[in-house]
Structures are given as structure tokens and as C-alpha cells.
Amino acid sequence: TYNGTWKVDRSENYEKFMEQMGVNMVKRKLAAHDNLKITLEQTGDKFVVKEASSFRTLDMEFTLGVTFEYALADGTMLSGSWGMEGDMMKGTFTRKDNGKVLKTTRAIVGEELVQSYSYGGVEAKRIFKRG
Ligand code: MYR
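Residues numbered from 1 in each chain as written. Predicted model: local features only at pLDDT ≥ 70, side-chain atom pairs only at ≥ 80, totals over all residues. Heavy atoms only, no water.

Draft legend 1. Inspection of the packing of aromatic side chains at higher detail. If you walk through the whole model with that rule in mind, you get eight aromatic pairs. Geometrically, the ring pair formed by Tyr14 and Tyr117 is tilted, given 5.8 Å between the ring centres and 45° between the ring planes. Here Tyr14 is found in helix H1 (residues 14–21), whereas its partner Tyr117 is found in strand E9 (residues 112–119), with 103 residues between them in sequence. For Tyr14, a relative accessible area of 16% corresponds to the buried category. The buried category is assigned to Tyr117, whose relative accessible area is 12%. The interplanar angle of 75° and the centroid separation of 6.0 Å between the aromatic rings of Trp82 and Phe93 together place this pair among those described as edge-to-face. One end of the pair, Trp82, is in strand E6 (residues 77–85); the other, Phe93, is in strand E7 (residues 88–95), and eleven residues separate them in sequence. Of the residues examined, Trp82 reaches a relative accessible area of 5% and is grouped as buried. Here Phe93 falls in the buried class, since its relative accessible area comes to 5%. Grouping aromatic residues by their ring pairs yields a cluster made of Phe47, Phe62, Phe68, Trp82 and Phe93. Cation over ring: Arg126 sits above Tyr14, and NZ or CZ is 4.2 Å from the ring centre. (Phe/Tyr/Trp six-rings, centres within 6.5 Å; stacked < 30°, edge-to-face > 60°. Helix = DSSP H or I, 4+ residues; strand = E, 2+ residues; numbered from the N terminus. Buried < 20%, exposed > 50% of the residue type's maximum accessible area, 1.4 Å probe, protein only. Lys NZ or Arg CZ within 6 Å of the ring centre and 35° of its normal.)

Structure (C-alpha cells):
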């Protein structure tokens, strides 16, 4: 189950990914240490998400397979949805400013939640521990 609170423990290639996304160097340096904490609460197809980081706190919800909008911390708007493929969450989102696609997955691997990101051919991961 994805339910619970997850704190980022480490990231792989996240700075390169942010660079591909067009995030400037100062913000990338800050975002590399954003202390991101995500709380997920799934009931059937519905997820309630609480996000907390050094940039902001955000409460939101989405339903699997239903398109919603999501603003990145820098204001970039995404539109897309999460689906479930087996035990893996798979999200496909489109940037509203340039129409390019960002793909993301969430999977539980051992005791950790692994979130992958892919944009413009650059892939990254952030790995979370229960907290
Ligand atoms: C959620 O389930 O947490 C809310 C929806 C997430 C949408 C996709 C998130 C992509 C985040 C990419 C970070 C980019 C930083 C430049």
C-alpha cells in the first residue's frame, strides 16, 4: 500500500532532470534539498495527497484515470492523470506551457517508495522512506 507519509531520502539524476525542465541553477540547488514529504491516502480509486517541502505545502486529491491539473513549485502547470498498472502507479502529464510530456511512476520497492520522472529523454528518481 502507498498509504502513509513518505520523506525523501535521496535522489538520482534529479538535478539533470530539473535542468531539462528548465529550472534555473539557483532553484535547482534549493530543490535538491527540499525535504519533500508526501502523505498518500488511497480509498478505492481516489487518492488524497498532502505535499510539504521547503517551498510550499499543498493538499490535493485525484482519481485514478481522471485528468487533473497540478502546479509545480515554480508555477509550471501540468495536466494529466495517474493510473495503476499492477502495483505500480503510472502518471502521464503534459506541460501546459509547451505541450511536452512528463512521465512519472511510483512503486514500492522493499521498504521504500521509488518515484521515477522522465522528461525530454532525461530520467530521474527520488527515493522515499516512511516517516
Ligand atoms: C501527486 O500525486 O503527488 C500529485 C501529482 C503529481 C504530478 C506529477 C509530478 C511531477 C513532479 C515533477 C517535479 C519536477 C521538478 C522540476
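Following the structure, the description resumes.
Draft legend 2. Expanded view of the site of the ligand. Among the 15 residues in the neighbourhood of the ligand, the closest are listed as Tyr14, Met60, Phe62, Trp82 and Arg106. A distance of 2.9 Å separates an oxygen atom of the ligand from a polar side-chain atom of Trp82. The side chain of Arg106 places a nitrogen or oxygen atom 2.7 Å from an oxygen atom of the ligand. A molecule is said to occupy a pocket when more than half its atoms come within 2 Å of that pocket's grid points, and by this definition the ligand occupies the largest pocket. Contributions of two or more residues to the shell around the ligand are made by H1, strand E4 (57–63), strand E5 (68–71) and strand E8 (101–109). Looking at the shell around the ligand residue by residue, the class counts come to 14 nonpolar, no polar and one charged. (Near = heavy atom within 4 Å. Polar contact = N/O pair within 3.5 Å; in protein donor to acceptor, adjacent residues only side chain to side chain. 1 Å grid on protein atoms, 1.4 Å probe; cavity = no way out; pocket = protein on both sides within 12 Å on 5 of 7 lines; lining within 4 Å. Sits in = over half its atoms within 2 Å of the grid points. Nonpolar A, V, L, I, M, F, W, Y, C, P; charged D, E, K, R; others polar.)

Draft legend 3. Main features of the side chain of Gln115. By the secondary structure assignment, Gln115 is in strand E9. Within the local environment of Gln115, its side chain forms a polar contact with the side chain of Arg106, the two groups lying 3.2 Å apart.

Draft legend 4. Looking closely at the environment of Leu72. Counting through the fold element by element, Leu72 comes out in the loop between E5 and E6. Here the alpha-carbon distance between Leu72 and Gln20, two residues 52 residues apart in the chain, equals 14 Å.

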